[in-house]
Amino acid sequence: MSIELLLLMLLLGAFVGVMAGLLGIGGGLIVVPALVFLLPQAGIDPSITMNIALATSLSTIIVTSGSSAFNHLKLGNVDMFVVKWLMPGVVIGGFVGANVAEWIPSEYLPKVFGVIVLLLALQMLLSIKSTTERSMPSSGVTMGYGAGIGIISSLAGIGGGSLSVPFLNRHGVEMRKAVGSSSVCGCVIAISGMTGFILHGYSADNLPSYSVGYVYLPALAAIASTSMLTTKIGAKLATSLPTAALKKIFALFLMFVAGTMLL
């Protein structure tokens with residue numbers, strides 16, 4: 001990697017850390033499209049760029065979501081019931097999603113990513129003025145939702161915050177606790193999904209140097225080194241901002257990312 005490319009990835013990591021703490025996302029919604037653009041400049045074969053972007057994104061989420069979760073735990077923003085019952089599902093779903101991504105032609109993966117994110121953005125916008133809340137479903141149903149969140153998150157290279165935050169908020173979990181709980185689950189999704197991508201990547205052709213399966217270590221190191229330092233800023237902002245403002249920021253951010261990947 002050139003010095004310019006390294007600096008861009010360091011800046012990317014700093015921005016990802018703030019957004020992870022603020023919105024409860026692991027940063028994949030930012031990292032994946034950014035890496036799709038940046039990785040070819042590092043000489044990586046375009047035919048495997050999306051797979052490497054997904055796998056590397058998940059690996060950075062382990063650090064980013066872990067740091068964000070730690071900060072939210074200190075601030076009391078984590079609902080342990082939610083974490084307890086979502087966790088088994090997201091572990092299984094994360095690994096399954098990495099296997100499904102291997103079957104989908106690489107040229108279709110960005111479109112799948114964009115459609116998923118656009119639907120999430122529209123759902124969040126519609127929920128801003130809604131006062132209707134449902135109670136949390138049973139533990140078994142919650143685990144089932146967790147599995148679905150894990151599959152889609154791993155398939156899109158994200159930590160699941162864009163799925164779990166709207167789900168939890170709609171079922172009566174206060175926005176700040178939804179963000180904090182999502183950070184904990186996102187770290188687990190990322191570990192499960194990254195493991196699947198590493199196992200599949202070992203048999204891939206044209207892998208770049210310094211990669212473990214589909215995980216590109218130079219990008220991981222650059223993004224993670226700055227993102228883990230800035231999650232505290234986002235977590236403090238999430239505690240001070242009103243719920244409606246958080247929802248608007250979240251929804252507009254998702255729409256921007258979806259448009260980027262679809263267009």
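What counts and how
- Residues numbered from 1 in each chain as written.
- Predicted model: local features only at pLDDT ≥ 70, side-chain atom pairs only at ≥ 80, totals over all residues.
- Heavy atoms only, no water.
- UniProt positions renumbered as here; feature names shortened; annotations may be inferred.
- Helix = DSSP H or I, 4+ residues; strand = E, 2+ residues; numbered from the N terminus.
- Expected span 1.5 Å × (residues − 1).
- Bend = angle between axes of the 7 residues up to and from the residue.
- Buried < 20%, exposed > 50% of the residue type's maximum accessible area, 1.4 Å probe, protein only.
- Axes fitted to C-alpha atoms, helices over the stretch in contact; angles between N-to-C directions.
- Left-handed = near helix turned anticlockwise from the far one by under 90°.
- Contact = heavy atoms within 4.5 Å.
- Patch = residues over 30% accessible without salt bridge, like charges linked within 9 Å, V, L, I, M, F, W, Y side chains within 5 Å.
- Areas by Shrake-Rupley, 256 points an atom, 1.4 Å probe, with all protein chains shown as cover.
- Salt bridge = Lys/Arg side-chain N within 4 Å of Asp/Glu carboxyl O.

By the naming in an unreviewed UniProt entry, the protein is Probable membrane transporter protein, taken from Vibrio ponticus. Its UniProt record, at the heading Sequence similarities (unreviewed entry), says of the protein: "Belongs to the 4-toluene sulfonate uptake permease (TSUP) (TC 2.A.102) family."

(A) Quick look at helix α4 (residues 80-103). Its 24 residues place the ends of α4 35 Å apart at the C-alpha level, agreeing with the 34 Å of an ideal helix rising 1.5 Å per residue. In the structure, α4 departs most strongly from a straight axis at L86, where the bend amounts to approximately 40° and where the proline P88 lies between one and four residues downstream. All of the buried residues in α4 are V82, V83, L86, G89, V90, G93, G94, G97, A98, N99 and A101.

(B) Up close: the UniProt feature "transmembrane region" (unreviewed entry) in the protein. In the numbering adopted here, UniProt assigns the feature "transmembrane region" (unreviewed entry) to residues 6-39, 51-70, 82-101, 108-126, 146-168, 180-202, 214-233 and 245-262. Taken end to end, residues 82-101 is 100% helix and 0% strand, and its two terminal C-alpha atoms sit 27 Å from one another. Between the C-alpha atoms that bound residues 180-202 there is a distance of 34 Å. The span itself is 96% helix and 0% strand.

(C) Up close: the packing of helix α2 (residues 28-38) against helix α3 (residues 49-74). Put simply, α2 and α3 touch, their axes get as near as 9 Å, and they point 145° apart. α2 and α3 meet at a crossing whose hand is right-handed. Seen from α2, the contacting residues are G28, V31, V32, L35 and V36; seen from α3, they are T49, M50, A53, L54, T56, S57, T60 and I61.

(D) Representation of the side chain of H72. With respect to the helices and strands, the residue H72 is situated in helix α3. Setting aside residues no more than four positions away along its own chain, H72 makes contact with G21, N77, V78, V179, G180, S183, A235 and A238.

(E) Molecular detail of a nonpolar patch on the surface. A grouping of V115, L119, L122, L125, L252 and M255 is seen on the molecular surface, where their side chains present a nonpolar patch of about 510 Å² in accessible area. Elements that contribute at least two residues to the nonpolar patch include exactly α5 (109-127) and α10 (243-262). Top element by residues in the nonpolar patch is α5. It accounts for 4 residues. Mapped onto the elements, L122 comes out in helix α5.

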